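Residue-level structural notes
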Amino acid sequence: MPPLAGRIRTRRGRVPALAAALAVAIVAPGMTGCAAEPDPGTVTVLNSATDTAEHTANQRFFDRCSKPLGLKVEQNSVPADQIASKALRMASSDSLTDILELDGSELPQFAQTEGLRPLDEVGVATSGLSASAKSLGSYDGAQYGIARSVNSLALIYNTKLLKDAGISPPTTWKELRAAAKKLTAGDTYGMAFSASPNADGVYQFLPFFWSAGGDEAKIDNGKGEAALQLWKDLVADGSASRSVVSWNQQDVNDQFIAGRAAMMINGPWQVPVLSAQKKVDWAVASIPVPEAGEPAVPPIGGTVMAVPKNDEDPAREKNAGKVLNCLNSEKNQLQWGESVNNVPTRATAAQAYAQHNPKLAAFAELVTTARSRTAKVGTGWPVVGDALAGAFQSVLTGRTSPEQALHRAQQQASAGK
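Residues numbered from 1 in each chain as written. Predicted model: local features only at pLDDT ≥ 70, side-chain atom pairs only at ≥ 80, totals over all residues. Heavy atoms only, no water.

Overview of the overall build of the protein
- A tally of helices and strands in the protein yields 17 helices and 13 strands.
- A compact globule built from 417 residues would reach a C-alpha radius of gyration of about 22 Å, and the protein, at 22 Å, matches this within 12%.
- Overall size of the protein, expressed as C-alpha extent along the three principal axes, is 65 × 45 × 35 Å.
- In the protein, which comprises 417 residues, the share counted as buried stands at 56%.
- Counted over contacts in the protein with a minimum sequence separation of 6, partners at least 24 positions apart contribute 77%.
- Looking at the protein as shown, the accessible area adds up to about 16,500 Å², and 50% of this sits on carbon and sulfur atoms.
- Each charge class in the protein was averaged separately, 40 positive and 40 negative side chains, and the resulting centres sit 5 Å apart. (Helix = DSSP H or I, 4+ residues; strand = E, 2+ residues; numbered from the N terminus. Rg over C-alpha atoms; globule rule 2.2 N^0.38 Å. Buried < 20%, exposed > 50% of the residue type's maximum accessible area, 1.4 Å probe, protein only. Contact = heavy atoms within 4.5 Å. Areas by Shrake-Rupley, 256 points an atom, 1.4 Å probe, with all protein chains shown as cover. Lys, Arg positive; Asp, Glu negative; His and termini not counted. Charge placed at Lys NZ, Arg CZ, Asp CG, Glu CD.)

In structure tokens, the structure reads:
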């Protein structure tokens, strides 16, 4: 799981029901209880910054932005998998925070309740954000959430192993198979990735599925099969371990730093651990694509900050908007992104990030072509994600062919809508 801002959440299926209840709690008149009168000079935030270092880093930026406004910010931090239920309880007692930070893939579930305020209505400027970042925070054509920084996936490789084998970082699927096979020796596999039956595996499958022309809105369009075949071939070649079906993204990184994988698919949240390794020289490259010259299309991940509606005290919404504007200045985005190894969402800040952090420049490039998981299917994403997970699990365990797997996945997705 990625640390700090930009985690990839692994829970599935809980949010729709919670969001439905949240809609009742937020918008149904007479359904809320009595709450203590909030301090007009305090902006409250619900987030998952339970780690002491993360909480402290967040507070430093919050203070930087709130003090010049004569305000203060108070964080209410709970574990990531409790954000939705905590928001529900707070809404039910009329005590929902002024800012709600949640995973970007969950935003549609909350925006659908009509309990969030479009950001332009509270003065938050979203011009200058990358298209992928805007997509991450939007629902039904409106911008409800803003991300300070985002993450994605890339190919991370052991520079020494590739150099010793006389191999350049692969850029196409054909080169990837050849390189992975040549790098496989002894206890070391050429390639490692997560194919676990949850959000980690789905997140890692999407760059291959989308780059091949796969469509989450029509899973069996005849193009995604190539991505399944590639994963199947890598395992069948012995270039990737059969254990990928149970590895999460942390497991993949563990294999890499232990020298049991020469290349892996992973994200910038692994950088602190990788940088601490004295015996592993590593570098980052773009994810290989089906044919040379085609753009990689990875998923974009990260958290977004939204403003819950407060019709009784609109001044609180405006204060929240002022804080969000400051947090998302070019300077603050750049400093925050560098502190968490994520890419700023303002284009100018992302360019500066790449210049300041050349080793991670590939991530800055990849987020420009990255896509939001919910852009096409909105609130239907949890069902689609489960369907895709079932597809690659069935193929990698030899139960079905790629074509059969995606046909069944489409049936599953349609039935779950």
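As for the nonpolar core
- With 99 residues, the main nonpolar core has Met 191, Phe 193, Phe 208, Ile 219, Met 263 and Leu 388 as its most contacted residues.
- Of the residues forming this core, the biggest block, nine residues, is contributed by helix H16 (residues 381–396).
- Aside from chain neighbours lying at most four places away, what touches Ile 219 is Phe 209, Val 384, Ala 387, Leu 388, Leu 406, Ala 409, Gln 410 and Ala 413.
- Of all hydrophobic cores here, the second largest spans 22 residues; its members include Phe 61, Leu 119, Leu 129 and Val 307. (Core = buried A, V, L, I, M, F, W, Y, C linked by side-chain atoms within 4.5 Å.)

What to know about the pattern of salt bridges
- Summed over all chains, the structure comprises 11 salt bridges.
- A salt bridge links Arg 373 to Asp 103, with the shortest nitrogen-to-oxygen separation between them at 3.7 Å. One end of the pair, Arg 373, is in the loop between helix H15 (361–366) and H16; the other, Asp 103, is in strand S3 (residues 99–103), with 270 residues separating them in the sequence.
- The exposure class of Arg 373 is buried, given its relative accessible area of 6%.
- In this structure Asp 103 comes out as buried when scored by relative accessible area, which is 0%.
- Three or more residues joined by partner-sharing salt bridges are found here, namely Arg 117, Glu 121, Asp 311 and Glu 317. (Salt bridge = Lys/Arg side-chain N within 4 Å of Asp/Glu carboxyl O.)

What to know about the sheet that holds strand S11 (residues 282–285)
- The mixed open sheet is built from four strands, whose spatial order is S9-S10-S8-S11. Whereas interior strands pair on both sides, the edge strands pair on one side only; in this sheet they are strand S9 (189–192) and S11. Each neighbouring strand pair of the sheet contributes to a mean axis angle of 20 degrees, computed without reference to strand direction.
- Set on the sheet, helix H7 (residues 173–183) makes contact with S9 and strand S10 (261–266); between it and S10 the angle comes to about 140 degrees.
- Here helix H10 (residues 249–257) sits on the sheet and contacts strand S8 (154–158), S9, S10 and S11; the angle it forms with S10, its principal contact strand, is near 155 degrees. (Pairing = 2+ DSSP bridges. Axes fitted to C-alpha atoms, helices over the stretch in contact; angles between N-to-C directions.)

What to know about the side chain of Asn 47
- In this fold, Asn 47 is placed in strand S1 (residues 42–47).
- Every residue in contact with Asn 47, bar those within four places of it in the chain, is listed here: Asn 58, Phe 62, Gln 75, Asn 76, Ser 77, Val 78, Ile 83 and Glu 101.

Regarding the pairing of strand S2 (residues 72–77)
- Note: S1 against S2, six bridges, orientation parallel. The residue of S2 that forms the bridge with Val 45 is Gln 75.
- The β-α-β motif built from S1, the intervening helix H2 (residues 52–66) and the parallel element S2 has right-handed crossover chirality. (Right-handed = clockwise from strand over helix to strand, strands pointing away.)

Quick notes on the state of the cysteines
- In total, this model carries one disulfide according to the counting rule given.
- Here Cys 65 is linked by a disulfide to Cys 326, with a sulfur-sulfur distance of 2.1 Å. As the torsion about the S-S bond is roughly -75 degrees, the Cys 65-Cys 326 disulfide counts as left-handed. Of this pair, Cys 65 sits in helix H2 while Cys 326 sits in helix H12 (residues 314–327); the two residues are 261 residues apart in sequence, bridging distant segments of the chain. (Disulfide = S-S within 2.5 Å.)

What about the confidence of the model for the protein?
- Looking at the protein, the pLDDT average stands at 91 and 91% of residues meet or exceed 70.
- Here residues 26–34 is modelled with pLDDT under 50, and outside its nearest four sequence neighbours on either side it reaches 18 contacts, counting other chains as well. (pLDDT = per-residue confidence, 0-100.)

Remarks on the sheet that holds strand S6 (residues 145–146)
- Spatially, five strands are ordered S2-S1-S3-S12-S6 in an open sheet, and the strand pairing comes out mixed. Strands with a single pairing partner mark the edges of an open sheet, and in this sheet they are S2 and S6.
- Running at roughly 155 degrees to S2, H2 makes contact with S1, S2 and strand S12 (303–306) of the sheet.

Some remarks on H7
- Those residues of H7 not exposed but buried are Trp 173, Leu 176, Ala 179, Ala 180 and Leu 183. The arc that holds the buried residues of H7, viewed along the axis, is 125 degrees, so those residues lie on one side. Turned more than 90 degrees away from the buried face of H7, the exposed residues are Lys 174, Lys 181 and Lys 182. (Arc of directions from axis to C-beta.)

Brief notes about the pairing of S10
- Counting buried residues in S10 gives six out of six residues, a clear majority hidden from the surface.
- As defined by bridge partners, S8 adjoins S10 across four bridges and the pair is classed as antiparallel. Residue pairing for S10: Tyr 157 is matched across the bridge by Met 263.
- By the bridge criterion, three bridges tie S9 to S10 in an arrangement that is parallel. When the bridges of S10 are listed, Ala 192 appears paired with Met 264.

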